[in-house]
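# A look at the structure
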Amino acid sequence: MSDKFSNEWNRREFLQGMGAAAAGMALSGCAISADRSAKGLTEEASAVKPIVDSRTLEKPNLTVGYVPVNDCAPFAIAWKKGFFRKYGLNVKLNREASWATSRDGIIFGRLDASPVVSGAVTNARIGAEGARHAPLCAAMTIHRHGNAMTMNKAMWDFGLRPWHEYNGNLEEFGKQFRAFFDSQPPEKRVWAVVLSSAIYEYFVRYVSAAAGVDPFKEFRVIIVPPPQMVTNIRIGAMQAYMVAEPWNTRAIQGNLGVGFTFVQGKEVWLGHPDRLLGVMQSFIEENPKTYYSLVKAMVEACQYCSKPENRSEISALLTERSFTGAKPKKGAIDKFTRPAIVGDYNYGGFDGTDRTIQSSDATIFYDIPNNLPQIPGNHSTFMWQSHSLWLMTQAARWGQIKEVPKNAEELAKKAWRTDLYRKIVAEMGIDCPQEDYRVEPAEVFIDKKAFDPSDLVGYLKSFEIRANRPQSFFQS
């Protein structure tokens, strides 16, 4: 065997071995093993007497996905407290590796239902670049807020600080933001999000553009599953990321020297929808009674999660291995999950300053806090179709579709099933808004630009920074 061939063979073996090791680490980090999914019935659930006879349902045995972030709280509560059982359902919870597998599990029939990132349902309908094309539907929001953007220590050392310390000065932030990336080589100009063509990607680009920095020119956006965010920022694979909690707090409290929270998603758009309960349209059509039971169980779980007196219990439950597994070796058992659930959120930093801010809107599961616009009958699980329209404008703004669809309202109506939601919660004695659209006032957005759903094209054209053609999306 020649030396050249031997060297090539050794190199190939090395690369294959490294690839296998990387794949193993990725699978381990994602925790896709079914052994970690919540199983069976708890004592509390077993004691619940069903008010719906499972024999009257088309499909009482369901497989429902969830992702190991704080968002899974309503699923964890519905399982533990017996809300699924109450409505005649036998639900197997399946721990998903990422938001892509959560979405694709529904589309390809592995899951009956699962949470999806806001934007995934809309973009599946409009055929946006980077999204799976499928007739996805959602009739309820799982929660609002509960996410944030983390920046690494190098960005702190350069002078960047949490957004609230800029006192609303986008120009000042923009100068620092651009200067940081100008000082970095291409491989160190990377921002990670959890899914393409979804609200986290839009928020990253929205904030950058609002500060006058073109996100297409200054940095790349890659996809990384939530549990891998902290490790990847520690090793320098990206300089910043946006993800749901507890993976922002984890970078601050569990990995000193890794990062700080630049901005919570609620500071980008106060009241934004974060996660939806996704299903295929065919599931609703074939299993209407089952779907009613599923939504009712999830609404009750969201109501439970919303009560202040239950928040400590919920944050502790989320640390369990079946859910986020974010339990520190020492100290309080829920210091990672607690901040975004209870509302004592620490932005972190590297100067010894305590940046903890108390709030009632860190994660909104049902009741609308007083600092948000108040609309009679409104609650967090109600979906506004105008929010689906906003997501379409962002898909067009960033080149994932060529233009805002001519039939945007029709597509929103098919994807965001407010008609079904009203019927379902009416049986529970819950009132909700009768309108599907609302104007988002200027004060709820970071750039103070109001959104009027009656003029989508005008809204899109009001942004100076936007794509003129479809752009490639970088995969990690």
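All of the points below concern the structure found in this document. (Residues numbered from 1 in each chain as written. Predicted model: local features only at pLDDT ≥ 70, side-chain atom pairs only at ≥ 80, totals over all residues. Heavy atoms only, no water.)

Our next topic: the sheet that holds strand β5 (residues 147-152). Spatially, five strands are ordered β7-β6-β8-β5-β9 in an open sheet, and the strand pairing comes out mixed. Whereas interior strands pair on both sides, the edge strands pair on one side only; in this sheet they are β7 (220-223) and β9 (259-264). Looking at each pair of strands side by side, their axes are set apart by 25° on average, direction ignored. Pairing of β5 with β9 involves five bridges; the strand directions are antiparallel. Each bridged residue has a counterpart across the sheet, and for Asn152 the counterpart in β9 is Gly259. Contacts from helix α9 (residues 199-210) reach β5, β6 (190-193), β7, β8 (240-244) and β9 within the one sheet, and its direction differs from that of β8 by about 135°. (Pairing = 2+ DSSP bridges. Helix = DSSP H or I, 4+ residues; strand = E, 2+ residues; numbered from the N terminus. Axes fitted to C-alpha atoms, helices over the stretch in contact; angles between N-to-C directions. Contact = heavy atoms within 4.5 Å.)

With 97 residues, the main nonpolar core has Met149, Met151, Phe173, Phe262 and Trp390 as its most contacted residues. When residues in this core are grouped by element, the largest group, eight residues, is from α9. If we skip the residues at most four places from it in the chain, Phe262 touches Met149, Met151, Arg161, Pro162, Trp163, Tyr166, Phe173, Val207 and Tyr347. Ala113, Ala297, Val299 and Phe365 belong to the second largest nonpolar core, which has 53 residues in total. (Core = buried A, V, L, I, M, F, W, Y, C linked by side-chain atoms within 4.5 Å. Buried < 20%, exposed > 50% of the residue type's maximum accessible area, 1.4 Å probe, protein only.)

By secondary structure assignment, the location of Pro186 is in the loop between α8 (170-182) and β6. Its relative accessible area of 61% is what places Pro186 among the exposed residues. The sequence separation of Pro186 and Arg220 amounts to 34 residues, and the corresponding C-alpha distance is 8.7 Å.

For the coordinates displayed, the defined rule picks out 25 salt bridges. Salt-bridge contacts for Glu427 lead to Lys296; the nearest nitrogen and oxygen are separated by 2.6 Å. Placement of Glu427 in the loop between α20 (418-426) and α21 (456-461) and of Lys296 in helix α15 (residues 288-306) is noted, with a sequence separation of 131 residues between them. Connected via shared salt-bridge partners are Glu44, Lys80, Lys81 and Glu313. (Salt bridge = Lys/Arg side-chain N within 4 Å of Asp/Glu carboxyl O.)

So, on to the environment of Asn152. In this fold, Asn152 is placed in strand β5. Discounting residues that sit within four places of it in the chain, Asn152 has contacts with Ile233, Met238, Gln239, Val258, Gly259 and Phe260. Within the structure, Asn152 has its side chain in polar contact with the backbone nitrogen of Met155 (distance 3.0 Å). (Polar contact = N/O pair within 3.5 Å; in protein donor to acceptor, adjacent residues only side chain to side chain.)

What follows is about the packing of helix α3 (residues 73-81) against α15. Where α3 contacts α15, the two axes come as close as 8 Å, and the packing angle between them is 105°. When the axis of α3 is compared with that of α15, the two are roughly perpendicular. On α15, the residues touching Ala73, Pro74, Phe75, Ile77, Ala78 and Lys81 of α3 are Ala297, Met298, Ala301, Cys302, Tyr304 and Cys305. (Parallel < 35°, antiparallel > 145°, perpendicular 65-115°, else oblique.)

In this structure, Thr381 sits in the loop between β13 (363-364) and α18 (385-397). On the basis of relative accessibility, which here comes to 0%, the residue Thr381 falls in the buried class. For Thr381, the side chain forms a polar contact with the side chain of Tyr421, separated by 2.7 Å. With residues up to four places along the chain from it excluded, the contact list for Thr381 reads Ala139, Met140, Thr141, Cys302, Phe365, Tyr366 and Tyr421.

Another aspect to go through is the state of the cysteines. Evaluation of the coordinates by the stated rule reveals zero disulfides. Note on Cys137: no disulfide assigned, nearest cysteine sulfur contributed by Cys432 at a separation of 18 Å. For Cys305, which is in no disulfide, the shortest distance to another cysteine sulfur is to Cys302 and amounts to 6.3 Å. Assessed through its relative accessible area of 0%, Cys305 is described here as buried. (Disulfide = S-S within 2.5 Å.)

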